[in-house]
Amino acid sequence: MTPIDGRAMARALTDRIAADVAALVGDGIRPGLAVVLIGNHAPSEVYVARKIAEAARAGIASFEHRLPADTDEAALLALIARLNADRAVHGILVQLPLPPQIDAARVLDAIAPAKDVDGFHPVNVGRLSTGTGGLVPCTPLGCMMLLDSVIDDYRGLNAVVIGKSNIVGKPVAMLLLERECTVTVTHIATRGLPEIVRAADIVVAAAGAPRLVRGDWVKPGAVVIDVGITRVTDTAGKARLVGDTAFDELGHARAATPVPGGVGPMTIACLLANTVRAAEAACRG
């Protein structure tokens, strides 16, 4: 089995993005990414710090907006309206989860589709489902790039997606359909899930269930993309990160992504790619 090195691919993609940014700067446009973080959710703070650091490495301007945990929905919507109107901002990212007093769907819908670099706005979701462009959610986009590194022709391959979220499962299924795969979308309540997975040439595990997919679920020669990441504590009391697959049992697979070091780095790199794409579209518009 060949491990798919998401860290190396993300570095290479970020280098290409930096070259695109330099070209835009030469034309008088510096891509700008606004990141909104509410409260002190520790994992969110880590993610935001990584995104801002990678944006800086690519030459993208970052505009960080930190709001207190008791911020109300009206104040957040007012900020988004200002960012929508700000010509220096090409991408807007509101870090999830949001506090309970704020309706996340309403907030995400308020972001201008052209600046929705997370790809969550209904307009971008609709464009993805009809194959008519739009900004693609970052994690599914990263999954496809990882798959592209080992698969040349998708036509007729059986793909099984485990997980039906709007963030990963549904969009990655649509992207695989666009490549002419035969796609089955499942979840942890699917009956006979191991047998369904055993028929797959491509497995995308995005259920949020640690080590759900065992080695005997995966047929020889399959390609496995593991989107899950969960912190678990072993019998010795040591904490570690694991994915939705038992990576150590996938020796017979053709290729697979490790956790960590697989999908995660590509998600951030794809966020930067979407920001540059949005800036380029703003230049044309």
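Treat the numbers as computed from the prediction; the structure is a model and nothing was measured.

Engineer: Help me understand the overall build of the chain in this model?
Structural biologist: For the chain, the helix and strand inventory stands at nine helices and 11 strands. In terms of overall size, the chain behaves like a compact globule, its C-alpha atoms giving a radius of gyration of 19 Å where 285 residues would be expected to give roughly 19 Å. If one aligns the C-alpha atoms of the chain with their principal axes, the spans along those axes are about 50 × 40 × 30 Å. For the chain, the proportion of contacts with a sequence separation of at least 24, taken over those separated by at least 6, is 71%.

Engineer: How do you make sense of the sheet that holds strand β4 (residues 91-94) when you look at a structure like this?
Structural biologist: Pairing between the strands of a sheet comes from backbone hydrogen bonds, and it takes one of two forms, parallel or antiparallel. Spatially, β3-β2-β4 is the arrangement adopted by the three strands of the open sheet, whose pairing is parallel. Every other strand in the sheet has two partners, leaving β3 (61-67) and β4 as the edge strands with one partner each. The average angle at which neighbouring strand axes cross in this sheet is 15°, direction not considered. Bridge analysis of strand β2 (residues 32-38) against β3 gives seven bridges, and the strand direction is parallel. Its bridge partner being in β3, valine 36 is matched across the sheet by histidine 65. The strands that helix α3 (residues 73-85) touches are β2, β3 and β4; relative to β2, the one it contacts most, it runs at about 175°.

Engineer: Just to check I follow, could you spell out the nonpolar core for this structure?
Structural biologist: Note on soluble globular proteins: their nonpolar side chains tend to be buried together. Ile17, Ile60, Leu147, Leu176, Ile202 and Ile225 are the most contacted members of the largest nonpolar core, which has 51 residues in total. The biggest single contributor to this core is helix α9 (residues 263-284), with 10 residues. Setting aside chain neighbours within four positions, we find leucine 176 in contact with Met144, Leu147, Tyr154, Ala159, Val161, Cys181, Val183, Ile202 and Val204. Core analysis: the next-biggest nonpolar cluster, separate from the first, contains 16 residues, Val36, Val89, Val94 and Val107 among them.

Engineer: Mind showing me how you'd approach the state of the cysteines here?
Structural biologist: Throughout this description, disulfide means a covalent bond between two cysteine sulfur atoms. Taken as a whole, this structure holds zero disulfides when the rule is applied. Cysteine 143 supplies the cysteine sulfur nearest to cysteine 181, a cysteine that is in no disulfide, at a spacing of 13 Å. Note on cysteine 181: relative accessible area 6%, which makes it buried.

Engineer: Any chance you could explain the sheet that holds strand β1 (residues 2-3) here in plain terms?
Structural biologist: As summarised here, the arrangement of the six strands in space is β1-β11-β8-β7-β5-β6, forming an open sheet in which the pairing is parallel. A single partner strand is all that each edge strand has here, and the edge strands are β1 and β6 (182-186). Relative to strand β11 (residues 255-256), strand β8 (residues 223-226) runs parallel, the two being bridged by two bridges. Note that in β11 the partner of valine 224 across the bridge is alanine 256. Contacting β5 (158-162), β6 and β7 (202-205), helix α7 (residues 169-178) runs over the sheet at an angle of about 170° to β5.

Engineer: It is not clear to me how the packing of helix α1 (residues 6-26) against helix α2 (residues 42-58) should be interpreted in this structure. Could you clarify?
Structural biologist: The relative placement of two packed helices is expressed as an angle between their axes plus a distance between the axes. One way to put it is that α1 packs onto α2 with a least axis distance of 8 Å and a crossing angle of 55°. As far as their axial angle goes, α2 and α1 are oblique. In contact with Arg11, Thr14, Asp15, Ile17, Ala18 and Val21 of α1, α2 contributes Glu54, Arg57 and Ala58. Grouping the amino acids of the contact of α1 with α2 by side-chain chemistry returns four nonpolar, one polar and four charged.

Engineer: What is the right way to read the side chain of aspartate 118 from this model?
Structural biologist: Among the secondary structure elements, aspartate 118 is positioned in the loop between α4 (104-110) and α5 (122-130). Buried charged residue aspartate 118 carries no salt bridge. Nearest counter-charge: lysine 51, at 5.6 Å. Dropping the residues within four chain positions of it, aspartate 118 is found in contact with Leu93, Val94, Pro137 and Cys138.

Engineer: Looking at this structure, I do not really get the pairing of strand β9 (residues 230-233). What am I missing?
Structural biologist: Strand residues, when the strand is regular, have side chains that alternate between the two faces of the sheet. Pairing of β9 with strand β10 (residues 239-242) involves four bridges; the strand directions are antiparallel. The partner of arginine 231 across the bridge, within β10, is leucine 241.

Engineer: How should the pattern of salt bridges be read in this particular structure?
Structural biologist: Pairing between side chains of opposite charge can happen when the charged atoms of each approach one another. By the definition in use, this model includes 12 salt bridges. The salt bridge partner of arginine 106 is glutamate 73, with a shortest N-O separation of 2.7 Å. With arginine 106 in helix α4 and glutamate 73 in helix α3, the pair connects residues that are 33 residues apart, well separated along the chain. In this structure, the salt-bridge partner of aspartate 148 is arginine 179, at a minimum N-O distance of 2.7 Å. Of this pair, aspartate 148 sits in helix α6 (residues 138-148) while arginine 179 sits in the loop between α7 and β6; the two residues are 31 residues apart in sequence, bridging distant segments of the chain.

Conventions used here
- Residues numbered from 1 in each chain as written.
- Predicted model: local features only at pLDDT ≥ 70, side-chain atom pairs only at ≥ 80, totals over all residues.
- Heavy atoms only, no water.
- Helix = DSSP H or I, 4+ residues; strand = E, 2+ residues; numbered from the N terminus.
- Rg over C-alpha atoms; globule rule 2.2 N^0.38 Å.
- Contact = heavy atoms within 4.5 Å.
- Pairing = 2+ DSSP bridges.
- Axes fitted to C-alpha atoms, helices over the stretch in contact; angles between N-to-C directions.
- Core = buried A, V, L, I, M, F, W, Y, C linked by side-chain atoms within 4.5 Å.
- Buried < 20%, exposed > 50% of the residue type's maximum accessible area, 1.4 Å probe, protein only.
- Disulfide = S-S within 2.5 Å.
- Parallel < 35°, antiparallel > 145°, perpendicular 65-115°, else oblique.
- Nonpolar A, V, L, I, M, F, W, Y, C, P; charged D, E, K, R; others polar.
- Lys, Arg positive; Asp, Glu negative; His and termini not counted.
- Salt bridge = Lys/Arg side-chain N within 4 Å of Asp/Glu carboxyl O.

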